[in-house]
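Descriptive structure summary
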Amino acid sequence: MSKLLTIQEAADVLGVNYFHVRSLVFEALEHPKKARWREGKHFTDLSPRTSKKRLIRIYQTALEPDD
């Protein structure tokens, strides 16, 4: 089982800031056909449907370089 990371933890691993990773997630949610990341493949939303805020967790495989 792979560890799920918060947006801040993923940003630290990638060496970028929190807002850069957050924008990748929002891009995937708003424009899924054009996005670099995909929901379900790179991250998951663990919040209930009725929640006003999202609980996003990022898979470690999303942080590995693509070959």
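One can find the structure itself at the top, above this paragraph.
Residues numbered from 1 in each chain as written. Predicted model: local features only at pLDDT ≥ 70, side-chain atom pairs only at ≥ 80, totals over all residues. Heavy atoms only, no water.

**Some remarks on the sheet that holds strand E2 (residues 43-45)**
Two pairing modes exist for strands in a sheet, parallel and antiparallel, and in both the strands are linked by backbone hydrogen bonds. Within the open sheet, the three strands sit side by side as E1-E3-E2. Their pairing is antiparallel. Edge positions in the sheet fall to strand E1 (4-5) and E2, since each of these pairs with one other strand and no more. With two bridges joining them, E1 and strand E3 (residues 56-59) adopt antiparallel strand pairing. Looking across to E3, one finds that Leu5 is bridged to Ile58. (Pairing = 2+ DSSP bridges. Helix = DSSP H or I, 4+ residues; strand = E, 2+ residues; numbered from the N terminus.)

**Observations concerning the nonpolar core**
In terms of nonpolar packing, the biggest core is built from 15 residues, with Val21, Trp37, Phe43 and Ile58 touching the most fellow members. Elements supplying a minimum of two residues to this core: helix H1 (7-14), helix H2 (18-30) and E3. Element by element, the count of residues in this core is highest for H2, at four residues. Residues contacting Ile58, with those up to four places away along its chain left out, are Lys3, Leu4, Leu5, Thr6, Ile7, Ala10, Val21, Trp37, His42, Phe43 and Leu63. (Core = buried A, V, L, I, M, F, W, Y, C linked by side-chain atoms within 4.5 Å. Buried < 20%, exposed > 50% of the residue type's maximum accessible area, 1.4 Å probe, protein only. Contact = heavy atoms within 4.5 Å.)

**Focus: the packing of H1 against H2**
Running from amino to carboxyl end, H1 crosses H2 at an angle of 115°, the nearest separation of the two axes being 8 Å. Between H1 and H2, the crossing angle belongs to the class labelled roughly perpendicular. Considering the relative orientation of H1 and H2, their crossing is right-handed. In contact with Ile7, Gln8, Ala10, Ala11 and Leu14 of H1, H2 contributes Tyr18, Val21 and Arg22. Of the residues belonging to the contact of H1 with H2, the class tally is six nonpolar, one polar and one charged. (Axes fitted to C-alpha atoms, helices over the stretch in contact; angles between N-to-C directions. Parallel < 35°, antiparallel > 145°, perpendicular 65-115°, else oblique. Left-handed = near helix turned anticlockwise from the far one by under 90°. Nonpolar A, V, L, I, M, F, W, Y, C, P; charged D, E, K, R; others polar.)

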